[in-house]
Each structure stands twice: as C-alpha cells, then as structure tokens.
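The primary structure of each chain is shown beneath.
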Number of protein chains: 2
Amino acid sequence: MTEITGGVCAPKGFMAGGVRCGIKPSSQKKDLAMIFSRNPCSAAAMFTKNKVKAASVQVSQENLAEGSLRLIIANSGNANACTGQEGMSAAKRMAQAAADAFLIRPSEVAVASTGVIGVKLPVELIEKNVQALKSSLKDDAQGNADALEAIMTTDTRKKEIAVEFDIGKKPVRIGAITKGSGMIHPNMATMLTFITTDAAIIPSALDLSLRRAVKKSFNCLTVDGDTSTNDMVVVMANGEAGNKLIMNETLVNEGSTAITDEDFETFCAAMDHVCIALTKMMARDGEGATKLVTVNVTGASCEEAAEKLSKSVAKSSLVKAACFGADANWGRVLCAMGYSQAEFNPLRTGVSFKSGKGEIEVCKEGQTVNFCEEKAKEILSQEEIEILITLDEGNAKASAWGCDLTYDYVKINGDYRS
Amino acid sequence: MTEITGGVCAPKGFMAGGVRCGIKPSSQKKDLAMIFSRNPCSAAAMFTKNKVKAASVQVSQENLAEGSLRLIIANSGNANACTGQEGMSAAKRMAQAAADAFLIRPSEVAVASTGVIGVKLPVELIEKNVQALKSSLKDDAQGNADALEAIMTTDTRKKEIAVEFDIGKKPVRIGAITKGSGMIHPNMATMLTFITTDAAIIPSALDLSLRRAVKKSFNCLTVDGDTSTNDMVVVMANGEAGNKLIMNETLVNEGSTAITDEDFETFCAAMDHVCIALTKMMARDGEGATKLVTVNVTGASCEEAAEKLSKSVAKSSLVKAACFGADANWGRVLCAMGYSQAEFNPLRTGVSFKSGKGEIEVCKEGQTVNFCEEKAKEILSQEEIEILITLDEGNAKASAWGCDLTYDYVKINGDYRS
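Nothing here was measured: the structure is a model prediction, and the numbers come from that model. (Residues numbered from 1 in each chain as written. Chains lettered and ligands numbered in written order. Predicted model: local features only at pLDDT ≥ 70, side-chain atom pairs only at ≥ 80, totals over all residues. Heavy atoms only, no water.)

**Structural notes on the overall build of chain A**
At step 1: Helices and strands together make up the secondary structure of chain A, namely twelve helices and 15 strands.
At step 2: Taking 22 Å as the expected radius of gyration for a compact globule of 418 residues, we find that chain A reaches 22 Å, a close match to that expectation.
At step 3: Counting only C-alpha atoms and orienting by the principal axes, one finds that chain A spans roughly 70 × 60 × 35 Å.
At step 4: Counting across all 418 residues of chain A, residues that qualify as buried make up 64%.
At step 5: Averaging the locations of the 46 positively and 51 negatively charged side chains of chain A gives two centres separated by 4 Å. (Helix = DSSP H or I, 4+ residues; strand = E, 2+ residues; numbered from the N terminus. Rg over C-alpha atoms; globule rule 2.2 N^0.38 Å. Buried < 20%, exposed > 50% of the residue type's maximum accessible area, 1.4 Å probe, protein only. Lys, Arg positive; Asp, Glu negative; His and termini not counted. Charge placed at Lys NZ, Arg CZ, Asp CG, Glu CD.)

So, in structure tokens, the structure goes:
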C-alpha cells in the first residue's frame, strides 16, 4: 500500500468541487462542496449518536438506507441543527437541488452541514449556486482541494489522504477528506469525513470495513455518545477498479465461492490506514492545539478496558494542559485512568513519555521513579508526544489520540458565533 | 436557620488551627491544618470513587469505619497519592503523630492531603511541627481561618460557612470549610470539606444526612467516578448542643420513641444548605473562572435524567467557553444535553439565560427564537449566570454548578508542579 495524492479524486470515476455561496457571511471562503461519482456506488455511513441530530444527518440516514449513493453535497457555516421542520425541508431541498442538477434521485444524495447550531439554513443560496457547484467539479487534486476548503470551519490544516493497493493484481484506490478541529473532548466540533474508493465491494462488506476502521480511529478521538449534532462519515465505492467483487465473512460463511476473504482483509487494512491517518491529523489540528498527543495502553485485561483507559487519559483536561506546559505530571495520567471506570491495578501500572527526543519512564508500579525533569521537559516539548501506559493484566492494547489544551482553545470557542 | 461566622469553630467544643511546616517549599503559606473536638464525636465521611486512592484516603476510610472521630489533620502541597507502601506508612505516621499529641487513638484521627501526586510526603516535617500545630488551635474565627488557609492550594477564595438553627428549642450549629478549585469537570482538583456540628446525632443518621446533602451539592459539581485521588468530605458531631439525640428514619421504623423525625429533617435541611453553599463557592472559584454558572433543569421525566442533563451542560467545555465569551450559543447547550445519555425530547426543550441583568429565552421547542443578541450578551456578561432548561416530560428537576473556561485555567494547569 502506498500513499498517493488527489484525496477523494484519486480513485477512478470521482469528481469533486467547491464554491462560495455566501452561507459564511463574514468570510470569502468557499462554503459549499460536492463529491460526485459518474457511476452508481455502494455506500456506507456512520452518524452521530447525539440525541440531537442535525436535519442533514436525518435526511442522509434515510437516503443511505438503500446502501447506494452517487453524490455528497455539504455546506459549512451553518449546521442546520435545532432548526425544526424548516430545517428538515431545507436539507431535503439541498438534496433535491443536487439531484436535479444531475438528473438522479435525491435518495442517491448524502447531505452534510457544519457550522453554528440553531440558525436557519439559507438553502436558497445553495439552490442558487448548485449549477456553479456542478461546474466546479474536477477529477483532480484541484477538485479535491476545492471541496476540502469548502467544508472547513475552524480547521487550520487541510486533512486529506489517498492510498493505492492491489486486490488480485488490480490496483485499487481509497481517497478521503475530513474536517473537524474540535478539542474533540469533551465535546468535539463537528467531524465530517468523506471517503471514496474505486473498489468493487458489496454494501454490507463496505459497511463492515467502515465500522471496523471507525472503531479503531475516529472513535478513539470521539467517544460514542459524546459527538456533535452533525458528525458523519460517508464512504462511496463505485467499483471502477475492476477488482473481483469484495464481499465479507458473513457471505463466505454462507458458502459463497465468489470471494476470497483475503481481499476483504486487504481492503479493511487500507480503510484502517486511511481513517487512522485522518484521526491523527484531526487530533493534531485540535482547536488551539500545538501538540498531537497519542496515548498507548498495553497489557490491559481486555480491549474494552484498554480503550476506556486510553480515551480517559487522552480527554483529561489536566493531562492536556500538562502536555501544553510540557509538565511531566504523570499523576494526572493515573488519576484519569482511575476514573475511567475500567478495571486495572494502579500498583502494577507504568507510565513513560516519548517523542522524537527520546523516551523517559516516569512511573513504575504506580509510583514515581527518579527521572530527569529537564529530559522529560525536552521530550514533552515536542509537537508529537506519546504517553505510554503499561499494565500487567493481559495482552489487550489500544490507542487514543488527542491534543493539548491551550489558551487558543478558549479564544476560539469563547465567541465562536461572532 | 441563620448564617453565622466562625466556620468549623462556630459549633461548641471545636478548635482549629494551622501552621507552616514546609511541605510547600516555594511559598510561605501555611500547609498543615488541624480540627479538634474536646469531646468524642459521631463521624461520617464520603471519599473519592477514583480507583487510584491517596494513602490518606485509605487510612481515613479505615479509621472512619467505627463512625467516631475526634481530630482531623490535613496537609496541602503534597497529595501523598501514588506513593505506594511508603505513602501508606507516611499517612499512618501522620495520624499517629496527631493522636500522640492528644493522647488519643490514631483510629480517632482522619488524615487528608492535597497537592501534587506521586511525590513522597515529607512526613517528618509534619511530625516535627505537630506540637506547634496543637498550640495553634483556637476555638474562634482565627483558628478557623488558619486551618482554612493551610488546606488551600490553587484556591483564590476562602470557602467557609456556619449556620445556627434550633432543634427542640436548643440552638444547634454546623460549621464547615472547604478547599477545591478545580475546573471541577472533567477532572476536578482535590476537594476537601471538613464539617463540624455540636448536634447530638447518631452516626447512621449523620451518615445519611451527609449522603443526602452531598448528592444534591458536591456531586452536582463533581460527578461520581470523576473525582480526584484525594477527595474527602468529613463531618464530626460532638453533641455539645445538648439537643435530643437525632436518629434517622430507619430507627423510627424500628419503633424507637426517642426521636422525632422532624429533628432529623431539620438537621438535613441545614446540612443541605451548608453543602450547597460550599458547592457554589467552589464552582465560583474554579481555576481561572470568572463566572459562576448554574444549570437548572425542570420538567424532566425523572430525577436521574434531570441530573444527567444538568451535569452534562455544566461540564461542557464548549458551553463553559461560551459563558466566558458571553456568547448566547444555546446550540451547545442542546448538544451537551444530546450526549448526556439521558432521555428527553429535543423538540420540547426550552432554554433561557438569566442573571442579575434579567432573563432571556433563546430556544423554544428545540428551535431558536428571535432574541436580542445585545441583551443576551449583557445577561451573560454578569458574574453569576443561570442556564434554565425546561423540558416537558414530567416534574423532576435538578441543578448543577460550574464555571466558565478561561485562558487562566490553561495557565494554572499548564505547569502546576513548577
């Protein structure tokens, strides 16, 4: 598997574009994006578990029910959440406008929104600009860049990736763009991730590969039930790579011969790579963040415990602030583990800090070890920090990603709407 | 019930004091406190639910088992947590030293510590200064002030209260001091609360009154399982008020005649008042906080839902940051409710902001109402803000308290140990 350029336009048969329609009044940035496949696609998606769901989420959930899509239209600058019936019809009109422009069914369109909550979506601006949006579509890196720019809000970095790998001698590609730059925890700003692939894969297999990848990636950044009103991950697969149709284990078990399970695993590995890469880019771009913090737990009794522990540490405001201050305050790490609700033995817990400047053990068997504060400070002063937690309970491990807590986070969120 | 001065020294028969023993190297502040009752006391306590418990917590839990106490000794500047066997023996030596000074049993002593985690407690400093500490004891406001100063860490305000009320014509007093100035959520700094009363009350009744009060107060600030390694609330009742012995319902039901249930309820009301007052003082004093934020939920289906919803909003970093910026971003309130895991109907939810400058409705039936941004800004610019959430599910209600998220929170926690 090799990383390539082009983002969502890297896979065959996909075009993307973006324009400014005026939803973001105070800026000149693009605010309307589109991703289109010239052929029908298998599709899968995961949506926020928040009880308060944006209209776009509800509409897209409906449309995804059939497991097929051809187009994604997304706006930034307005979340179209908490906007009632008016918001629902606005989201439907958004899908309809895009469908009309390509003479496809609205049920083949996914709709996404991100921005301020509770403000009426000026859908007429979208309708007015949908043709311009269509004309902006390109099948190259520029098209990808335009779409990406149009979904960004407080993001300070562009988050895209594309990979190529072989399935039975056939080169297959997966491309993706994402926006999301919340402090992630305890409340992340909206995350939108759009993934394209030219793999030939049935919807159920695509769905399973997405769920697997999200569990290992985005969900280690955004804990279930702790997501925004608009979060959405959508993947479209148009089959243009011409590989042998990928199915999933379920079907194998049903005795199908069409499929080699290997192909499915190969595809899943690529999906994992794409989603984890985007997750790290998002953590690195946390609002006001200056550092990417990776929390690795090993030796846990079970995967669930490892996940709870790593997430609890990654989300701790005190740990985040200590990372910002390059303060080797490992006690906060144990404290966050202690209220994670996960089983572990504090007296058999070790903690080390690691970065490009080296690794240093700061806690052994739940107690301090004499370590060089200066060295620890140097290690924690890097832009990418790892917190290594070793337990003595079993072989389960998990990683979680976060960022440091800085003055700028407060600044950015103190008056977001202005 | 009237509020009076004197804190923990207001009730008859209690003395308090504080000295500097040198655990806080970089400051000249007092760091060792004591509260002593000349007579034996009924006692009750609640401790952190964190899996990682400071040695002082473990020792005090043991000593409290008998439900009696005469003395509390507490240090600031060192949490004596994650310090292993050495830490345990240090906590025991701390209790022993205090007990020896008064020729009482160490099991009559509660030990508390707060400060940095994972650093060896220099217990010899405590042993060396315990006589000076004893000599510092006073039965007046000064003694209370000295003890309070000696348990403070990042606290910027002194948090104390005392009340007087009658039980069967007999004046009874409850006094308390507390330290705790964490952002409270998602990880609070250590909370220590010491309560004294001259009420005559049996340990089980005292325990029940404490649990009831804490559920309505501190636990609405610090969610269970989300507490520090050292949190502790201890109450001592020495009976010197001479009221008829207060027992609790359990005993009434067993047909005891000694007790009028009214007395117990009267006592509980006073305990509630004391604990809620301290809770608000702590929220108001959150690290870097400039505002006290009270979240009131009414019309919930059940108390549990009301509690989950109010806490989820009070702990939301985005809501906190919006309060700091006086930004009427009510969408974040609904978002935080949405991931609280509590049942409610977003479409029947109302949100208003309230302060000394008035009240303004910003969300009705889950949607925005046209409100005056300037007026909202004025209301949210006050030092005490209320977020009023009205549901249409039932009659349950709950309050939670928090503070805003400011630059200074990051500053304070960025390098706490230096």
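**Describing the pattern of salt bridges**
At step 1: Here the structure, examined in full by the defined rule, presents 43 salt bridges over all chains.
At step 2: Note that B:Lys30 and B:Glu149 form a salt bridge whose closest N and O atoms lie 3.5 Å from each other. Of this pair, B:Lys30 sits in the loop between strand 2 (14-19) and strand 3 (32-47) while B:Glu149 is found in helix 4 (residues 141-151), placing the two residues 119 residues apart along the sequence.
At step 3: Judged by its relative accessible area of 21%, B:Lys30 is partly exposed.
At step 4: Looking at B:Glu149, the relative accessible area reads 24%, which means it is partly exposed.
At step 5: Each of A:Lys30, A:Lys138, A:Asp146 and A:Glu149 takes part in one network of salt bridges that share partners. (Salt bridge = Lys/Arg side-chain N within 4 Å of Asp/Glu carboxyl O.)

**Comments concerning the pairing of strand 5 (residues 109-114) of chain B**
Residue and element names in this part refer to chain B.
At step 1: For strand 5, the buried fraction is high: six of the six residues fall into the buried class.
At step 2: For strand 4 (residues 68-76) and strand 5, the ladder comprises six bridges, and the chain directions are parallel. In the sheet register, Ile-72 faces strand 5, and the bridge partner there is Ala-110.
At step 3: Note that the unit made of strand 4, helix 2 (residues 84-102) and strand 5 has a crossover that is right-handed. (Pairing = 2+ DSSP bridges. Right-handed = clockwise from strand over helix to strand, strands pointing away.)

**Digging into the environment of B:Ala101**
All names here are of chain B.
At step 1: Among the structural elements, Ala-101 can be located in helix 2.
At step 2: Taking the relative accessible area as the measure of exposure, Ala-101 reaches 7% and is therefore buried.
At step 3: For the pair Ala-101 and Lys-134, spaced 33 residues apart in sequence, the C-alpha separation works out to 7.3 Å.
At step 4: Excluding anything up to four places from it in sequence, Ala-101 contacts Val-130, Gln-131 and Lys-134. (Contact = heavy atoms within 4.5 Å.)

**What to know about the sheet that holds strand 13 (residues 367-368) of chain B**
The strands that make up a sheet pair up through hydrogen bonds in the backbone, lying either parallel or antiparallel.
All names here are of chain B.
At step 1: Here six strands make up an open sheet; going across it, the order is 13-12-11-14-10-15 and the pairing mixed. Each of the sheet's edge strands pairs with one partner strand only, and the pair in question is strand 13 and strand 15 (396-403).
At step 2: Bridge count between strand 10 (residues 292-300) and strand 14 (residues 384-390): seven bridges; the pairing is parallel. From the neighbouring strand, Val-295 faces strand 14, where its bridge partner is Ile-387.
At step 3: Where helix 8 (residues 303-315) meets the sheet, its contacts fall on strand 10, strand 14 and strand 15, and the angle it forms with strand 15 comes to roughly 20°. (Axes fitted to C-alpha atoms, helices over the stretch in contact; angles between N-to-C directions.)

**Concerning helix 1 (residues 55-64) of chain B**
Residue and element names in this part refer to chain B.
At step 1: The buried count for helix 1 comes to seven of ten residues, which makes it a mostly enclosed element.
At step 2: Taken residue by residue, helix 1 has Ala-55, Ser-56, Val-57, Val-59, Ser-60, Asn-63 and Leu-64 as its buried positions.
At step 3: Buried residues belonging to helix 1 abut strand 3, strand 4, helix 2, strand 5 and strand 9 (232-237).

**What about the packing of aromatic side chains?**
At step 1: Summed over the entire model, instances satisfying the criterion amount to four aromatic pairs over all chains.
At step 2: Seen from their ring centres, B:Phe36 and B:Phe102 are 4.2 Å apart, and the 25° between their planes marks the pair as stacked. Of this pair, B:Phe36 sits in strand 3 while B:Phe102 sits in helix 2; the two residues are 66 residues apart in sequence, bridging distant segments of the chain. B:Phe102 shares its class with B:Phe36; the two are buried.
At step 3: One cation-aromatic arrangement involves A:Lys134 over A:Phe102; the distance from NZ or CZ to the ring centre is 4.8 Å. (Phe/Tyr/Trp six-rings, centres within 6.5 Å; stacked < 30°, edge-to-face > 60°. Lys NZ or Arg CZ within 6 Å of the ring centre and 35° of its normal.)

**Let's talk about helix 10 (residues 330-338) of chain A**
At step 1: Of all nine residues making up helix 10 of chain A, nine are buried, and the element is well covered by its neighbours.
At step 2: Along helix 10 of chain A, the residues classified as buried are A:Trp330, A:Gly331, A:Arg332, A:Val333, A:Leu334, A:Cys335, A:Ala336, A:Met337 and A:Gly338.

**Observations concerning the nonpolar core**
At step 1: Membership of the largest hydrophobic core comes to 114 residues, with the highest contact counts inside it found for A:Phe267, A:Ile387 and B:Phe194.
At step 2: Broken down by element, this core gets its largest block of residues, eleven residues, from helix 7 (residues 261-284) of chain A.
At step 3: With residues up to four places along the chain from it excluded, the contact list for B:Phe194 reads B:Val8, B:Ile35, B:Ile72, B:Ala74, B:Ala112, B:Ile151, B:Gly175, B:Ala176, B:Ile177 and B:Val234. (Core = buried A, V, L, I, M, F, W, Y, C linked by side-chain atoms within 4.5 Å.)

**Observations regarding the sheet that holds strand 11 (residues 350-355) of chain A**
At step 1: Across the sheet, six strands lie side by side as 13-12-11-14-10-15 (chain A); this open sheet has mixed pairing. Since the sheet does not close on itself, it has two edges, and those belong to strand 13 (367-368) and strand 15 (396-403) of chain A, each with one partner.

**A word on unusual backbone geometry**
Residue and element names in this part refer to chain A.
At step 1: Even without being a glycine, Leu-103 presents a positive backbone phi close to 55°.
At step 2: As for its placement among the helices and strands, Leu-103 is situated in the loop between helix 2 (84-102) and strand 5 (109-116).
At step 3: Not every positive phi belongs to a glycine, and Gln-341 is a case in point at roughly 75°.
At step 4: Following the sequence through the fold, Gln-341 ends up in the loop between helix 10 and strand 11.

**A few points about the pairing of strand 7 (residues 170-179) of chain A**
Residue and element names in this part refer to chain A.
At step 1: Buried residues dominate strand 7, accounting for seven of its ten residues.
At step 2: In this sheet, strand 7 lies alongside strand 6 (residues 159-167) in antiparallel orientation, the contact comprising nine bridges. Bridge pairing in strand 7 places Val-163 opposite Ile-174.
At step 3: Taking the residues between adjacent antiparallel strands as the criterion, strand 6 and strand 7 are bridged by two residues, where Gly-168 takes a positive phi near 50°.
At step 4: Across six bridges, the pairing between strand 7 and strand 8 (residues 192-197) is antiparallel. Its bridge partner lying in strand 8, Lys-179 is registered against Leu-192.

**Section: the side chain of B:Ser312**
Residue and element names in this part refer to chain B.
At step 1: Position of Ser-312 relative to the elements: it lies in helix 8.
At step 2: Among the polar contacts made by the side chain of Ser-312, one reaches the main-chain carbonyl oxygen of Ala-336 at a distance of 2.6 Å.
At step 3: Every residue in contact with Ser-312, bar those within four places of it in the chain, is listed here: Ala-336, Met-337, Tyr-339 and Ser-340. (Polar contact = N/O pair within 3.5 Å; in protein donor to acceptor, adjacent residues only side chain to side chain.)

**Here we look at the environment of A:Gly84**
At step 1: Mapped onto the elements of the fold, A:Gly84 is located in helix 2.
At step 2: Along the backbone, A:Gly84 and A:Ser228 are 144 residues apart, and their C-alpha atoms lie at a distance of 17 Å.

**As for the environment of B:Thr368**
At step 1: Counting through the fold element by element, B:Thr368 comes out in strand 13.
At step 2: As a C-alpha pair, B:Thr368 and B:Ser316 span 52 residues in sequence and 20 Å in three-dimensional space.
At step 3: In this view, B:Thr368 contacts A:Cys82, A:Gly118, B:Trp330 and B:Val362; residues no more than four positions away in its chain are not counted.

**Thoughts on the packing of helix 2 of chain B against helix 3 (residues 123-135) of chain B**
Residues and elements named next belong to chain B.
At step 1: Taken N-terminus to C-terminus, the directions of helix 2 and helix 3 make an angle of 20°; their axes are 9 Å apart at the nearest point. Taken together, helix 2 and helix 3 sit at an angle that is classed as roughly parallel. For the pair helix 2 and helix 3, the sense of crossing is right-handed. Across the interface between the two elements, Ala-90, Arg-93, Met-94, Ala-97, Ala-98, Ala-101 and Phe-102 from helix 2 touch Val-123, Glu-124, Ile-126, Glu-127, Val-130, Gln-131 and Lys-134 from helix 3.
At step 2: Within the contact of helix 2 with helix 3, the residues separate by chemical class into nine nonpolar, one polar and four charged. (Parallel < 35°, antiparallel > 145°, perpendicular 65-115°, else oblique. Left-handed = near helix turned anticlockwise from the far one by under 90°. Nonpolar A, V, L, I, M, F, W, Y, C, P; charged D, E, K, R; others polar.)

**Topic: the confidence of the model for chain A**
All names here are of chain A.
At step 1: Confidence in the prediction of chain A, expressed as mean pLDDT, is 90, and 91% of residues score 70 or more.
At step 2: Across residues 183-188, confidence stays below pLDDT 50; counting only partners more than four residues off in sequence or on other chains, it has 27 contacts.
At step 3: Scored by ipTM, the complex comes to 0.78, with pTM at 0.82. (pLDDT = per-residue confidence, 0-100.)

**Brief notes about the packing of helix 5 (residues 203-216) of chain A against helix 7 of chain A**
Residues and elements named next belong to chain A.
At step 1: For the pair helix 5 and helix 7, the least separation of the axes is 9 Å and the interaxial angle reads 40°. It follows from the interaxial angle that helix 5 and helix 7 lie oblique. Crossing handedness for the pair helix 5 and helix 7: right-handed. Facing Ala-205, Leu-206, Leu-208, Ser-209, Leu-210, Arg-212, Ala-213 and Lys-216 of helix 5, the residues of helix 7 in contact are Phe-264, Glu-265, Phe-267, Cys-268, Met-271, Asp-272, Cys-275 and Ile-276.
At step 2: Residues that form the contact of helix 5 with helix 7 fall into these classes: eleven nonpolar, one polar and four charged.

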